[in-house]
Amino acid sequence: MKPRSKKIGYLLGGTALAAACAVLVAYGGEPPAWLLASGKGASSEAAEKQTPVRREIIDFHMTDLDKGWIRYADGTSSVTEDGGAHWTKQASGLPDSAASSTNGPSASTANVKTLTTIAYQAKEYAVKQAQFVTDRTGWALVSAGTDLANPLLVTTDGGQTWHAEVTPAVKDALQEEKRRQQRISRETALYASPEQAKKVMDSAWTLLPDTASPGDVVLVRHDKPGEVAWQGKTYELRPFEAGYFTYLPVPMKTKSGSYPIGDQTLKIKDKKFETQQLKVSKQMESMRQDTKRIEADQKKIDAARSKSEPGFLFSAPFIQPIEGILTTPFGHTRYVNGKFASSHMAIDLAAKEGTPIKAANDGIVALADNFYLSGNTIYIDHGMNLFSQYAHLSKLQVKTGDRVKRGDIIGLVGSTGFSTGPHLHFTFWAHNVPVNPNLFFNATPFQWPKQKPQSR
C-alpha cells in the first residue's frame with residue numbers, strides 16, 4: 001500500500017471507531033441490539049437482553065402492607081417486602097402464599113372494594129384485579145393492552161388517587177398506615193368483644209353506654225378530633241390509639257330525656273336515691289362551719305384534679321379497693337343531725353382500722369395529703385380527666401407523683417377528718433364531677449355496654 005493510501009485507511013478506521021464510541025455513550029455504555037447483531041464479538045443472546053420485554057401480570061397478592069407477590073404469564077414470579085417499591089425475581093416456582101390461592105387476592109381478603117375502573121393521570125383504566133389490605137391502602141392490576149409501563153398501581157387514600165410507583169410520599173403513607181393499624185389493633189383489644197370493637201371502629205360516634213342516669217358517666221368516642229357540648233360545658237375530644245375520646249359526667253340535676261351527641265342519642269333515665277340520717281357530735285358538726293379552711297383545701301384539690309394525663313393509663317378492669325361493709329351507697333341524700341347536708345357522691349365501705357387499701361387501677365398519684373374534712377386523702381389520675389378518690393385513711397403509703405399499679409397498697413383504712421368510724425370513702429371524679437364508682441368495678445369504660453352497675 002502506498003503511504004498516502006495507508007494514511008487514508010487509518011483515518012477511516014479511526015472515524016469508524018469514534019462513531020462506535022459515540023454509539024456506546026449514547027446507549028449508556030451498553031451496545032444496542034443492532035450493533036451486537038453485527039457479529040463484532042457479541043452473541044445474539046446478549047442482543048436479546050437489550051430489548052426490554054414486558055411480561056404480562058396474570059395474578060398478584062399482598063399478604064400485608066409490606067409483603068406480596070406477582071405471577072407472570074410466562075410462569076415466573078416476583079416478590080416484594082417493601083410494599084412494592086422493589087420486586088425480586090423468584091428463583092423457581094410460585095410464592096408459598098400462592099399455593100392456596102387460585103383466584104387471586106380478591107377471594108382471600110376481607111377488605112375487598114369492588115373496582116371496575118380507576119383513574120390515573122386523567123385517564124380511566126379497566127381493572128383486572130384489585131385488593132385492599134386496609135380501608136385506605138390497596139393495589140389494582142389494570143387490564144392488558146394499556147400504555148402503562150407498570151400495570152400494578154397502589155393507593156393510600158381509599159382509591160381516590162393511584163400511583164404507578166412507590167414514591168417517597170407513598171412509602172411514608174404506607175408507614176403511617178402501618179402505625180394506624182397498630183393503634184387500631186391495640187384499641188380493639190380494649191373492648192368486650194371483637195364484634196363490639198368492629199362496630200365502634202366502623203362508627204363515626206360511639207357512646208359507652210348510650211343510656212345513663214344522674215350520677216353516671218359516659219365515654220364518648222369520635223373518629224375525628226373536636227369538642228362535645230354537654231350540660232353547659234364543652235369537653236375536648238383527646239386522641240388515644242385510633243380514636244378521640246372524652247368522658248361526659250351526668251350531673252345529679254340532669255333531667256331525663258334524649259340528648260344528641262354527634263350522630264348518636266344519649267338517653268337519660270330518672271333514678272331515685274334514698275335518704276340517710278346521720279347523727280354526729282356538736283363538735284363534729286361545727287367542723288362543717290369552718291368554710292375558710294374547707295375552701296382552702298378545695299382549691300388545692302381542684303388544682304390537682306385540673307391536670308390529667310392525655311391518655312388512658314389503664315387496660316385491665318377496675319377493682320374495688322377493699323372488701324368492706326357498705327354503709328352509705330352512692331347518691332344517698334344525707335341529713336346530718338336532721339338537717340340536709342348534701343348528696344353522698346361516693347360509697348362508704350366500713351372496715352377495721354389498718355385494713356390495706358388497694359389502688360383501683362393503674363395511674364399516677366395526683367395528690368396525697370391530709371385535709372380538714374376528708375382527712376388523709378389520695379387522688380389517683382387514671383388519665384383523660386378521670387380520678388379515683390380514697391378518703392379518711394389512717395396512713396398514706398404513697399406520695400404525690402408516684403406511679404401505681406392496680407392492686408398496689410396505697411394506704412390504710414382509718415377515721416381521720418369528718419368521720420364517725422373507720423371506713424373508706426371512695427369515688428371517682430370525671431372532669432371534676434363526682435360519678436358513680438359502681439360503674440367501674442370489674443370493667444373498664446370500653447366495656448360498659450356489657451357491664452351493668454352493681455346494686456349498691
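Structure shown above.
Figured I'd write up the structure that's included with this text. (Residues numbered from 1 in each chain as written. Predicted model: local features only at pLDDT ≥ 70, side-chain atom pairs only at ≥ 80, totals over all residues. Heavy atoms only, no water.)

1. What about the side chain of Asp297?
By the secondary structure assignment, Asp297 is in helix α7 (residues 291–305). One buried charged side chain, Asp297, makes no salt bridge at all; its nearest oppositely charged neighbour is Arg293, positioned 5.1 Å away. Discounting residues that sit within four places of it in the chain, Asp297 has contacts with Phe371 and Tyr372. (Helix = DSSP H or I, 4+ residues; strand = E, 2+ residues; numbered from the N terminus. Buried < 20%, exposed > 50% of the residue type's maximum accessible area, 1.4 Å probe, protein only. Lys, Arg positive; Asp, Glu negative; His and termini not counted. Salt bridge = Lys/Arg side-chain N within 4 Å of Asp/Glu carboxyl O. Contact = heavy atoms within 4.5 Å.)

2. Describing the pairing of strand β6 (residues 123–132)
Relative to β6, strand β5 (residues 117–120) runs antiparallel, the two being bridged by four bridges. Opposite Tyr120, over in β6, you have Lys123 as the bridge partner. Remark: two residues form the turn of the hairpin made by β5 and β6, two consecutive strands paired antiparallel; Gln121 in that turn has positive phi of roughly 50°. Linking β6 back to strand β7 (residues 138–142) in an antiparallel pair, the connection comprises five residues. (Pairing = 2+ DSSP bridges.)

3. Looking at the side chain of Asn438
You can see Asn438 is positioned in the segment after β30 (433–435). Within polar-contact distance, the side chain of Asn438 engages the side chain of Asn436 at 2.9 Å. (Polar contact = N/O pair within 3.5 Å; in protein donor to acceptor, adjacent residues only side chain to side chain.)

4. Looking at the packing of aromatic side chains
A full pass over the atoms with the stated rule returns 19 aromatic pairs. Plain terms: the ring middles of Phe245 and Phe312 are 5.4 Å apart, the flat faces sit at 90° to each other, and that makes the pair edge-to-face. A residue pair is termed long-range when its members are at least 10 positions apart, and Phe245 in strand β14 (residues 243–249) and Phe312 in the loop between α7 and β18 (325–328) qualify at 67 residues. There is no split in this pair, since Phe245 and Phe312 are both buried. On the basis of an interplanar angle of 75° and a centroid distance of 5.9 Å, the ring pair of Phe312 and Phe314 is categorised as edge-to-face. With a relative accessible area of 7%, Phe312 lands in the buried category. Judged by relative accessible area, which is 4%, Phe314 ranks as buried. Above the plane of the ring of Tyr72 lies Arg55, whose end atom (NZ or CZ) is 3.9 Å from the centre. A cation over a ring is seen here: Arg305 above Trp429, with NZ or CZ 3.6 Å from the ring centre. (Phe/Tyr/Trp six-rings, centres within 6.5 Å; stacked < 30°, edge-to-face > 60°. Lys NZ or Arg CZ within 6 Å of the ring centre and 35° of its normal.)

5. A closer look at the nonpolar core
Grouped together as the largest cluster of nonpolar side chains are 44 residues, with contacts concentrated most on Tyr247, Phe312, Ile378, Tyr390, Ile410 and Phe440. Looking at this core, the elements that each hand over two or more residues are α5 (194–201), β11 (217–222), β14, β21 (347–350), β23 (363–371), β24 (375–381), β25 (386–393) and β29 (423–430). The leading source of residues in this core is β29, at four residues. Counting the residues that make up this core, at least three belong to each of domain 2 (192–268) and domain 3 (275–439). Apart from residues no more than four positions distant in its own chain, Phe312 is found in contact with Leu219, Phe240, Phe245, Tyr247, His382, Met384 and Phe446. (Core = buried A, V, L, I, M, F, W, Y, C linked by side-chain atoms within 4.5 Å. Domains from an automatic or database assignment.)

6. Some words on the pattern of salt bridges
For the structure shown, the criterion picks out 15 salt bridges. In this structure, Arg71 engages Asp59 in a salt bridge whose closest nitrogen and oxygen atoms are separated by 2.6 Å. Of this pair, Arg71 sits in strand β2 (residues 68–72) while Asp59 sits in strand β1 (residues 57–62), placing them twelve residues apart in sequence. In this structure, Arg71 and Asp59 share a single accessibility class: buried. Linking Asp66 and Lys178 is a salt bridge whose minimum nitrogen-to-oxygen distance equals 2.9 Å. Remark: Lys178 occurs in helix α4 (residues 168–188) and Asp66 occurs in the loop between β1 and β2; sequence separation between them is 112 residues. What makes Asp66 buried here is its relative accessible area of 19%. One continuous salt-bridge network, built from bridges that share partners, spans Asp135, Glu177 and Arg180.

7. Section: unusual backbone geometry
In this model, Leu208 is joined to Pro209 through a cis peptide bond whose omega is -10°. Checked against the element boundaries, Pro209 lands in the loop between β9 (205–208) and β10 (211–212). In this structure, Asn432 takes a positive phi of about 70° despite not being glycine. Relative to the helices and strands, Asn432 resides in the loop between β29 and β30. Given the relative accessible area of 31%, Asn432 is considered partly exposed.

8. What about the pairing of strand β8 (residues 152–155)?
Side-chain direction in a regular strand flips from residue to residue, so the side chains alternate between the two faces of the sheet. Burial along β8 is two-sided: the residues Leu152 and Val154 and Leu153 and Thr155 are all buried. Summarising the sheet, β7 and β8 pair through four bridges and their orientation is antiparallel. Bridge pairing in β8 links Gly138 to Thr155.

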